[in-house]
Amino acid sequence: MALAREWDELVAKARTLKGFEDFLRPPRAEALFPAADGGPVVIVNASRWRCDALIVTEEGVRLRVLPELTLEHATQWADEYLQTLHAAELAGHEHQMATAAADTRPGPAALRAQARAAGALMEAEARVDDMLRSLQARLWDTIAAPVLGELGLDRVPPGDGGWTRIWWCPTGPLTLLPLHTAGYHVVGAGEARETVMDRVVSSYTPTLRALLEARGEDRDEGRAGAAAGIHRTTGAEAADHGATEAMGDGMLVVAVEEAAGLPWLHSAAQERTAISELLPAARRTLLLDSQATREAVRTQLERHRWAHFSCHGDQNLADPSRGGLLLYDGMLTIADISARRFRGDFAGLSACKTAVGGTGLLDEVVTLAAALHHTGFRHVVAALWSVDDATAAQVFSALYGRIVTDGTLRPEEAAHALHHVVRAVRDAAPDEPRLWTPFTHTGP
């Protein structure tokens, strides 16, 4: 009892200090409303009692009941989603192994095996597209259409201007699903699409507090001085962990084109080329293949405001903290990232499954994208699952083309830029949602 009383007294004393009035208290609702400064934040709650959307604006919270959504349905959709994607990933691996065998020991049997694997992969990809089209329609009917209707967002904005931003904050099994692409994307000639992508610019946030903190961080202090002293780091210098150069407006480019047992990443070279054409040498630090060790990357992340990763990624759905990026000497895990604190403005993750979480604690958003965001990178562009290599290169090259001007990356334009880039990819292949659905933006 004495210890409990002493604890209460210490907490009470701490709350008398300026800035600590709410120490160890849950945040007050009105203190979180400024998180919706740039547009509404939609918290989608799925429970066995009922499902609702809490629409947070600067003025307060609006409730939109979602009568057609149930926790049982959301769980079934998430299970089907994960199983279908996993089957396609296995088919891709089998095709890779068959192709490698045919290249190493060509012959009739190897070529037949390669053809069978190619056919199986095509069938698996078709099942992914079918699953996504069905899922996107369900998410539209049960969640997106009611929410956008409540907000009066019922038409396509004119031209490239006037797009409203919206932040999705899903809970439970919905954390795994692509709410940002909900809708009917394949329509007849002259018909208007009913989709989220054709109404608003979507972003995700793990929590209201995370979005509020990202909005409130002042990144301008001292930036001019740091930018003036930018130093281009070579791979050898990056390995020198004793270096202490100041953080500046430069981009860390991490490229691991080949990892053991995984296909060659042809997109890595294309993405590097795009970045080198947009950013001067003084604003680029390249860690390529053997230079891209876990320690070198961790060290350099602390020295750069911008980062781009061209490498394989993976996720452990049972223990998501063990997922991460496959570097030259092993996995840079979510746990590794979460143990650090950064002051970055933008991270681009052209890697597989960097925005998908685990299945154990669905409300705990444990992804590499969320980890980078929580630990200091305000804007993160990542993928929900294994992305098509060529499409990843297309998306990121076009993204940087939009947000880099005169050698400077403008992270505040990332969400709009990604939206328009992915929408263009969708317009070219609306019946292949596996190509354009995975890309997401997290941040303010």
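Refer to the structure above for everything that follows.
Parameters at a glance
Residues numbered from 1 in each chain as written. Predicted model: local features only at pLDDT ≥ 70, side-chain atom pairs only at ≥ 80, totals over all residues. Heavy atoms only, no water. Helix = DSSP H or I, 4+ residues; strand = E, 2+ residues; numbered from the N terminus. Buried < 20%, exposed > 50% of the residue type's maximum accessible area, 1.4 Å probe, protein only. Contact = heavy atoms within 4.5 Å. Core = buried A, V, L, I, M, F, W, Y, C linked by side-chain atoms within 4.5 Å. Salt bridge = Lys/Arg side-chain N within 4 Å of Asp/Glu carboxyl O. 1 Å grid on protein atoms, 1.4 Å probe; cavity = no way out; pocket = protein on both sides within 12 Å on 5 of 7 lines; lining within 4 Å. Points joined across faces, edges and corners; volume = space filled by probe spheres on them. Nonpolar A, V, L, I, M, F, W, Y, C, P; charged D, E, K, R; others polar. Phe/Tyr/Trp six-rings, centres within 6.5 Å; stacked < 30°, edge-to-face > 60°. Lys NZ or Arg CZ within 6 Å of the ring centre and 35° of its normal. Patch = residues over 30% accessible without salt bridge, like charges linked within 9 Å, V, L, I, M, F, W, Y side chains within 5 Å. Areas by Shrake-Rupley, 256 points an atom, 1.4 Å probe, with all protein chains shown as cover.

Undergrad: Got a minute to help me understand the overall build of the protein in this structure?
TA: Across its full length, the protein carries 14 helices and 18 strands. Expressed as a percentage of the 444 residues in the protein, the buried residues total 50%. Within the protein, residue pairs in contact and separated by at least 24 positions form 74% of the contacts whose partners lie at least 6 positions apart.

Undergrad: Explain the environment of Glu80 here, please?
TA: Counting through the fold element by element, Glu80 comes out in helix α3 (residues 71-104). For the pair Glu80 and Val128, spaced 48 residues apart in the sequence, the C-alpha separation amounts to 9.9 Å.

Undergrad: What should I look at first to understand the nonpolar core in this one?
TA: Generally speaking, a soluble globular protein has its nonpolar side chains buried in company with each other. Ranked by size, the top nonpolar core spans 41 residues in total, and within it Tyr81 and Trp168 carry the most contacts. Of all the elements in the fold, those that place two or more residues in this core are β1 (41-46), β2 (51-57), α3, α4 (108-150), β4 (164-170) and β7 (200-204). Counting residues per element, this core draws most heavily on α4, which supplies 12 residues. Residue contacts for Trp168: discarding those within four places in its chain leaves Val42, Val44, Ile143, Ala144, Val147, Leu179, His180, Val196, Ser202, Ser203, Tyr204 and Thr205. Among the nonpolar cores identified, the runner-up in size contains 28 residues, and Ile275, Ala383, Phe396 and Trp436 belong to it.

Undergrad: Please explain the pattern of salt bridges as it appears in this structure.
TA: Two side chains that carry opposite charge are able to pair once their charged atoms sit near each other. With the rule as written, the count across this model stands at 16 salt bridges. Here Arg423 makes a salt bridge to Asp198, at a shortest N to O gap of 2.9 Å. Here Asp198 lies in the loop between β6 (194-195) and β7 and Arg423 lies in helix α13 (residues 414-428), a separation of 225 residues in the sequence. Judged by relative accessible area, Arg423 falls into the buried class, the value being 18%. Between Arg426 and Asp198 there is a salt bridge; the shortest N-O distance is 2.9 Å. A residue pair is termed long-range when its members are at least 10 positions apart, and Arg426 in helix α13 and Asp198 in the loop between β6 and β7 qualify at 228 residues. If you follow the salt bridges from partner to partner, you end up with Arg193, Asp198, Arg423, Arg426 and Asp427 in one network.

Undergrad: Would you explain empty space enclosed by the protein in this entry?
TA: Taken as a whole and judged by the stated rule, the model has three cavities of 30 Å³ or more. Taken together, 13 residues form the lining of the second largest cavity, with His180, Met197, Ser202, His419 and Phe439 sitting closest to its centre. Residue assignment for the lining of the second largest cavity shows that the elements contributing at least two residues are β7, α13 and β18 (439-442). Counting residues per element, the lining of the second largest cavity draws most heavily on α13, at four residues. Split by residue class, the lining of the second largest cavity holds seven nonpolar, six polar and no charged.

Undergrad: Would you explain the packing of aromatic side chains in this entry?
TA: Two descriptors summarise a pair of aromatic rings, namely the distance from one centre to the other and the angle between the planes of the rings. With the rule as written, the count across this model stands at three aromatic pairs. Taking the centre distance of 5.9 Å and the plane angle of 75° together, the rings of Phe346 and Tyr400 count as edge-to-face. Of this pair, Phe346 sits in strand β14 (residues 346-350) while Tyr400 sits in helix α12 (residues 389-403), and the two are 54 residues apart along the sequence. Geometrically, the ring pair formed by Phe396 and Tyr400 is tilted, given 6.2 Å between the ring centres and 45° between the ring planes. Placement of both Phe396 and Tyr400 in helix α12 is noted, with a separation of four residues, approximately one turn of the helix. Each member of the pair, Phe396 together with Tyr400, is buried. An aromatic cluster is defined as three or more aromatic residues linked by ring pairs; in this entry it consists of Phe346, Phe396, Tyr400 and Phe439. The lysine or arginine in question, Arg215, covers the ring of Trp167, its NZ or CZ lying 4.5 Å from the ring centre.

Undergrad: Help me understand a nonpolar patch on the surface in this model?
TA: A contiguous nonpolar surface patch, about 530 Å² in accessible area, is contributed by Trp7, Leu17, Phe20, Phe23 and Leu24. Tracing the backbone through its elements, the reader meets Phe23 in the loop between α1 (2-14) and α2 (29-32).

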